[in-house]
Amino acid sequence: MGTRRAERGAAAGFLALLLVSPAGAQTAPLPRGAEQAPEALKPFIGAWDLEKLGASRKCTVTFGAEATAQGRQVRFPATCRRALPILDEVVAWDVAGGAPRLLDGSGKPVIAFAEKADPGRRGRGSDGAQYGLDPKGHVRAAARPAPSRAELAATAAARPTPVDPASAPAAGSVPGRYGVMRQAGREVCNLVLSPSPSDTAGAFVAEFEGLCPDTGLTIFSPVAWRYEAGRLALIARKGHKVELVFEAGQWRKDPAVGAPLLLKKLP
């Protein structure tokens, strides 16, 4: 009888070891698209602490695996733009020479970090300031915990908004003069969407009315526009585009990642 109890106890102990051992443990799922991402990107996919050195300003940025026109998707809370204004220009990230870079709408580096990481990476921004990318806040893809509400909200904001073409503005109402805004009610310049065909197939001419003081918009340099299925696309001189959806009487950049962009038709 004692032998049987000992055997059952040994079996239970062996089963417990299997449940907690690495071979039997379950790992957290990789973020969406991480499995297909290039090997050079995988070590950086996840959340990092970005800090302006000497200014005690930091923010959490998330390097996503999803491909964009400029690189890979980058996400951060809206409050980050106040803490670190340089993020107004950031729309994507990539890796060059073994180190991550934050990119603007034309694919140019806004902050390029050094390859060495001891203890954290350091880089210079387009504003001339030094920035640090701190690994202490980094959650590697293979060990990523369940996303928080804030992360889920950021992920949802990064997805294109479904549009019902039947309830969208009529195509004939789109041409005209628009106030371009980064924040609702604060125009930075004017943009004219002309009904004249452009050199881009199926698109029409777009141009700023006078000079635009916004650096990001000037770099993007929209030269054409296209309207299809309720989505308005602004096409840059270099061919990449930004899409907008119509909400609350104005056009909003969609997906809502990176620097905001709003268009409101002028009388």
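What you see is a predicted model, and the numbers here were worked out from it, not measured in a lab. (Residues numbered from 1 in each chain as written. Predicted model: local features only at pLDDT ≥ 70, side-chain atom pairs only at ≥ 80, totals over all residues. Heavy atoms only, no water.)

Novice: Looking at this model, I keep getting lost on the pattern of salt bridges. Mind explaining?
Specialist: Pairs can form between side chains of opposite charge once their charged atoms are near each other. Going through the model one piece at a time under the given rule, you end up with eleven salt bridges. Here K241 ties to E243 by a salt bridge, and the two come within 3.4 Å at their closest N and O atoms. For K241, a relative accessible area of 44% puts it in the partly exposed group. Look at E243 and you get partly exposed, because its relative accessible area is 25%. Close ionic contact of R252 with D254 constitutes a salt bridge, the shortest N to O distance being 3.4 Å. Both residues of the pair, R252 and D254, count as buried. One salt-bridge network, held together by shared partners, links R231, K241, E243, E247, R252 and D254. (Salt bridge = Lys/Arg side-chain N within 4 Å of Asp/Glu carboxyl O. Buried < 20%, exposed > 50% of the residue type's maximum accessible area, 1.4 Å probe, protein only.)

Novice: Could you clarify how one ought to interpret unusual backbone geometry in this entry?
Specialist: Outside of glycine, negative phi angles account for most residues, and trans bonds account for most peptide bonds. A cis amide bond, omega 0 degrees, links D254 with the succeeding residue P255. A positive phi angle is found at A229, which is not glycine, with a value near 50 degrees. Judged by relative accessible area, which is 47%, A229 ranks as partly exposed. Not every positive phi belongs to a glycine, and A248 is a case in point at roughly 50 degrees. Along the chain, A248 turns up in the loop between β14 (241–247) and β15 (250–253). (Helix = DSSP H or I, 4+ residues; strand = E, 2+ residues; numbered from the N terminus.)

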